[in-house]
Amino acid sequence: MAATFVANALQAVNFLGDRFLRQSHHALSDIEDLYRHSMDSAFSVTEAFLVTGAPHASAYYPRDFAWFYPDVLDPETIMDAQDAVRRARLLEKSVRLLLEAVRADVVTTTIVPAGRGRYLGVNYFSRPSDTLLGILAGLKQMIGADERASSYLAMSQCAHAGRLLLAEYGVDLKRAILQLASELEPFDTDGTRYLLCDAGGPRSAATDTRAERRRFVTNACVYTTFVWGVQLGIVDENELKRLLGRDLAQYKRDLLRLFGKDGYIRHSLDGPAGAPVSLVALDFVSVHRGFWNMNDASERALFAATTDLIIAEPRFRIPSTFHFLVSADNPRNKMIHKIAAPAYQGRSSWPTFNVEFADRMLDFDEASGSDTYRACAQGILKDIRTATEVHGGYQELISEQGLKYRTWAYKGAVAHSWFPRFLSVWGRAYGAPLLQWDDGR
């Protein structure tokens, strides 16, 4: 309770400081200049861990490696050798800090600095469901850093550091993953028993402020945690099978059957019945190389049906743009969000979710051998670029009117460290990089 009080007080200071002290700078409008400024801010050598650039940036959210920073080490987004070194070192510092927390048996949604190298681990709203996923995503980035064509020495050094971290903390991660598997709860419906991480109470995920139970994205994150744990050699699938009573392939089929029984992916099993478009949310796209692999025709059909609902519904879109909002209807908010950040998880556009939406569209087209969604994906990225230039940086949130997201306690933050992911997906969608640098690879 004391740690929670102190952490909340520190965060309140962060938000109030942002409200009254943040200065708006609009001197830059060229996309390359904005990017250089963002990378200098995002990967500062003075930071203790990777931050977003948002008003709550002095706290760290472990899940962010999976949701928001999945391509920090993409060579096409790195400006020069110095930029590569800064990114690699900051990534290693961040992942090591999170692994130390796991070793101390602190699997938490939020880490808040408390001075002199001390940190508070605190769970906002509910127990985490995707913290381990974020840690594994950070490790995967590090270990795979030398698999892409790059002349940056920092990439191979980062990959080596990642392998050392995996060897050093593998036992701790295995314990935490098996504990997560043992915490799944039975959910019986239509004569079938499913396993959910949030059948009895909410678990926090990337959009944790909804505080809802039985959410698709939360359970998709847990599945992905298990799959990545197996891929990294941390846990054996047979150990998970004994705890789950089914293999991972069946576990995924169960989730698709449960949340997709109406022909589209329902955001949550809780809540009143309504029109299909009111029951879906943009965060169904999950994480990069996570839940959706598009290998199965029925899986592609569910993805396409949900995507088509979102594209066709005007309430999901900022007028005259391809900026998609998180949901068509504002979800339940806790009191603090009604005061400080209304619509934070509902009637607002998260550019980073839109980028992942575009990337999943490209996944679908690649798997199906079609160009069904490429034009839409390109439209999403084009409008994010325009908003970045208009607002002077890559925004964390955009209001449903297409403006910088502003509330009484949240003036609208520039999300510096989310920018590289946008460049990665842009290059995939258009077949050419948005920005190029002279420093060779």
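Here goes a summary of the coordinates provided.

About the thresholds
Residues numbered from 1 in each chain as written. Predicted model: local features only at pLDDT ≥ 70, side-chain atom pairs only at ≥ 80, totals over all residues. Heavy atoms only, no water. Helix = DSSP H or I, 4+ residues; strand = E, 2+ residues; numbered from the N terminus. Rg over C-alpha atoms; globule rule 2.2 N^0.38 Å. Buried < 20%, exposed > 50% of the residue type's maximum accessible area, 1.4 Å probe, protein only. Contact = heavy atoms within 4.5 Å. Areas by Shrake-Rupley, 256 points an atom, 1.4 Å probe, with all protein chains shown as cover. Lys, Arg positive; Asp, Glu negative; His and termini not counted. Charge placed at Lys NZ, Arg CZ, Asp CG, Glu CD. Core = buried A, V, L, I, M, F, W, Y, C linked by side-chain atoms within 4.5 Å. Patch = residues over 30% accessible without salt bridge, like charges linked within 9 Å, V, L, I, M, F, W, Y side chains within 5 Å. Salt bridge = Lys/Arg side-chain N within 4 Å of Asp/Glu carboxyl O. Axes fitted to C-alpha atoms, helices over the stretch in contact; angles between N-to-C directions. Parallel < 35°, antiparallel > 145°, perpendicular 65-115°, else oblique. Left-handed = near helix turned anticlockwise from the far one by under 90°. Nonpolar A, V, L, I, M, F, W, Y, C, P; charged D, E, K, R; others polar. Pairing = 2+ DSSP bridges. Phe/Tyr/Trp six-rings, centres within 6.5 Å; stacked < 30°, edge-to-face > 60°. Expected span 1.5 Å × (residues − 1).

### Structural notes on the overall build of the protein chain
Within the protein chain, the secondary structure is distributed over 14 helices and six strands. Compactness check: the protein chain gives a C-alpha radius of gyration of 21 Å against a globular reference of 22 Å for 441 residues, within 12% of the reference. By principal-axis analysis of the C-alpha atoms, the protein chain measures approximately 60 × 50 × 50 Å. Within the protein chain, the proportion of its 441 residues that are buried is 59%. Put simply, of all contacts in the protein chain between residues at least 6 apart along the chain, 71% involve residues at least 24 apart. Carbon together with sulfur atoms contributes 52% to the accessible area of the protein chain, which is approximately 17,600 Å² in total. The averaged location of the 52 negative side-chain charges in the protein chain is 4 Å from the averaged location of its 50 positive side-chain charges.

### Thoughts on the nonpolar core
If you look at the biggest cluster of nonpolar residues, it comprises 134 residues, and the most contacted ones within it are Phe226, Tyr251 and Phe422. Not counting the four nearest positions on each side in its chain, Phe226 is found in contact with Ile177, Leu180, Ala181, Leu184, Leu240, Leu244, Leu248 and Tyr251. Formed by seven residues, the second largest nonpolar core is a distinct cluster that contains Ala7, Tyr61, Val112 and Tyr124.

### Details of a nonpolar patch on the surface
Taken together, Leu16, Phe20, Leu21 and Trp408 make up a surface patch of nonpolar side chains, about 480 Å² in accessible area. Here Trp408 lies in the loop between strand 6 (398-399) and helix 14 (419-430).

### Some points on the packing of helix 4 (residues 81-103) against helix 6 (residues 153-182)
Where helix 4 contacts helix 6, the two axes come as close as 10 Å, and the packing angle between them is 10°. Accordingly, the angle class assigned to the pair helix 4 and helix 6 is roughly parallel. Where helix 4 approaches helix 6, its residues Ala84, Val85, Ala88, Leu91, Glu92, Val95, Arg96, Leu99, Glu100, Val102 and Arg103 are matched on the opposing element by Ala154, Met155, Cys158, Ala161, Leu165, Glu168, Tyr169, Asp172, Leu173, Arg175 and Ala176.

### Digging into the pattern of salt bridges
Using the criterion set out here, one finds 34 salt bridges in the structure. With its nearest N and O atoms 3.0 Å apart, the salt bridge here joins Arg360 to Glu356. Taken together, the residues span about one helical turn, with Arg360 and Glu356 both in helix 12 (residues 351-368) at a distance of four residues. Judged by relative accessible area, which is 2%, Glu356 ranks as buried.

### Description of the packing of helix 10 (residues 297-312) against helix 12
In the contact formed by helix 10 and helix 12, the axes pass within 11 Å of each other and the chain directions differ by 135°. Between helix 10 and helix 12, the angle falls in the class oblique. Handedness of the helix 10/helix 12 crossing: left-handed. Between helix 10 and helix 12, the residues in contact are Arg300, Phe303, Ala304, Thr307, Ile310 and Ile311 and Phe357, Arg360, Met361, Phe364, Ala367 and Ser368, respectively. Its residues assigned to classes, the contact of helix 10 with helix 12 shows eight nonpolar, two polar and two charged.

### Here we look at the pairing of strand 3 (residues 185-189)
Sheet topology note: the strand 3/strand 4 (residues 192-196) ladder contains five bridges and is antiparallel. Residue pairing for strand 4: Pro186 is matched across the bridge by Leu195. Hairpin connection, strand 3 to strand 4: the antiparallel pair is bridged by two residues, and Asp190 has positive phi, about 55°.

### Comments concerning unusual backbone geometry
A positive phi is found at Arg116, a non-glycine position, where the angle reads about 50°. Among the structural elements, Arg116 can be located in the loop between strand 1 (110-113) and strand 2 (119-122). Here Ser286, not a glycine, exhibits a phi torsion of approximately 60°, which is positive. Along the polypeptide, Ser286 turns up in the loop between helix 9 (248-259) and helix 10. The class for Ser286 is buried, based on a relative accessible area of 0%.

### Some remarks on the packing of aromatic side chains
Counted according to the given criterion, the structure contains 32 aromatic pairs. Relative to Phe65, the ring of Tyr60 lies with its centre 5.7 Å away and its plane at 50°, an arrangement referred to as tilted. Looking at Phe65, the relative accessible area reads 0%, which means it is buried. Here Trp350 and Phe353 contribute two aromatic rings whose centre-to-centre distance is 5.2 Å and whose plane-to-plane angle is 20°, an arrangement assigned as stacked. Look at Trp350 and you get buried, because its relative accessible area is 3%.

### Overview of helix 12
When the terminal C-alpha atoms of helix 12 are compared, their 26 Å separation across 18 residues agrees well with the 26 Å that a helix rising 1.5 Å per residue should span. Within helix 12, 15 of the 18 residues are buried, which leaves it mostly tucked inside the rest of the structure. Two residues or fewer past helix 12, Gly369 is found with a positive phi of approximately 65°.

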